[in-house]
Amino acid sequence: MFIVPLALTIYAFIDCLNTSEEDTKHLPKIAWVFIILLFWIVGPVVWLVAGKTRQNAAGGTGPAGWQRSRRQQWVAPDDNPDFLNSLKDQEREEQERREGGKGPDDKIPPAS
């Protein structure tokens, strides 16, 4: 029964040391270190609950949020609206070139 509070204290102590000063809440970082070490069981619990600003890894609340953020980073070409619009633009340019009789090798006379 002695090992669990000790492990909790060690974890909270290391977590507090690795946390930047900007991410600590309510008290300076050095005060949190003393609270964790002096109040052996309560200090680590208070640190884990209220001492640090915690953020979700992907900005979501769970795996669904992770999928949404991952989808914003990379989209398959057949699902990417920008890519599909660029294909339509290329097709439109190709169609205009065919209808106008101008090919990619045709020279455009210089403007005077």
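S.K.: Please clarify how the pattern of salt bridges should be interpreted in this entry.
M.R.: A side chain of one charge can pair with a side chain of the opposite charge if their charged atoms are brought near each other. Overall, the coordinates contain three salt bridges when judged by the stated rule. For glutamate 94, the salt bridge identified is with arginine 97, shortest N-O distance 3.1 Å. One end of the pair is glutamate 94 and the other is arginine 97, both in helix H5 (residues 81-100) and three residues apart, which spans about a single turn.

S.K.: When you look at helix H2 (residues 29-38) in this model, what are you seeing that I'm missing?
M.R.: Since there are 3.6 residues in each turn of an α-helix, residues three or four apart along the chain are aligned in direction. All of the buried residues along H2 are Lys29, Trp32, Val33 and Ile36. Here the buried residues of H2 occupy an arc of 105° about the axis, which is enough to place them on one side. Set apart from the buried face of H2 by more than 90 degrees, the exposed residues are Ile30 and Leu38. On its buried face, H2 sits against helix H1 (3-18) and helix H3 (42-51).

S.K.: Any chance you could explain the packing of aromatic side chains here in plain terms?
M.R.: Aromatic ring pairs are reported here in terms of the distance separating the ring centres and the angle at which the planes meet. Scanning all chains against the criterion turns up two aromatic pairs. Both rings, one in tryptophan 32 and one in tryptophan 47, keep their centres 5.5 Å apart while their planes meet at 65°; by these two values the pair is edge-to-face. In this pair, tryptophan 32 sits in helix H2 while tryptophan 47 sits in helix H3, placing the two residues 15 residues apart along the sequence. The burial state of tryptophan 32 is the same as that of tryptophan 47; both residues are buried.

S.K.: Looking at this structure, how should I read the packing of H2 against H3?
M.R.: How two helices pack is summed up by the angle between their axes together with the distance between the axes. One way to put it is that H2 packs onto H3 with a least axis distance of 7 Å and a crossing angle of 140°. Residues Trp32, Ile35 and Ile36 of H2 pack against Gly43, Pro44, Val46, Trp47, Ala50 and Gly51 of H3. Among the residues forming the contact of H2 with H3, the class breakdown is seven nonpolar, two polar and no charged.

S.K.: Where do I start with unusual backbone geometry in this structure?
M.R.: Excluding glycine, residues mostly carry a negative phi; peptide bonds, for their part, are mostly trans. Positioned with a positive phi, histidine 26 is a non-glycine residue whose angle comes to about 70°. Considering the arrangement of structural elements, one finds histidine 26 in the loop between H1 and H2. Residue classification places histidine 26 among the exposed positions, given a relative accessible area of 69%.

Parameters at a glance
Residues numbered from 1 in each chain as written. Predicted model: local features only at pLDDT ≥ 70, side-chain atom pairs only at ≥ 80, totals over all residues. Heavy atoms only, no water. Salt bridge = Lys/Arg side-chain N within 4 Å of Asp/Glu carboxyl O. Helix = DSSP H or I, 4+ residues; strand = E, 2+ residues; numbered from the N terminus. Buried < 20%, exposed > 50% of the residue type's maximum accessible area, 1.4 Å probe, protein only. Arc of directions from axis to C-beta. Contact = heavy atoms within 4.5 Å. Phe/Tyr/Trp six-rings, centres within 6.5 Å; stacked < 30°, edge-to-face > 60°. Axes fitted to C-alpha atoms, helices over the stretch in contact; angles between N-to-C directions. Nonpolar A, V, L, I, M, F, W, Y, C, P; charged D, E, K, R; others polar.

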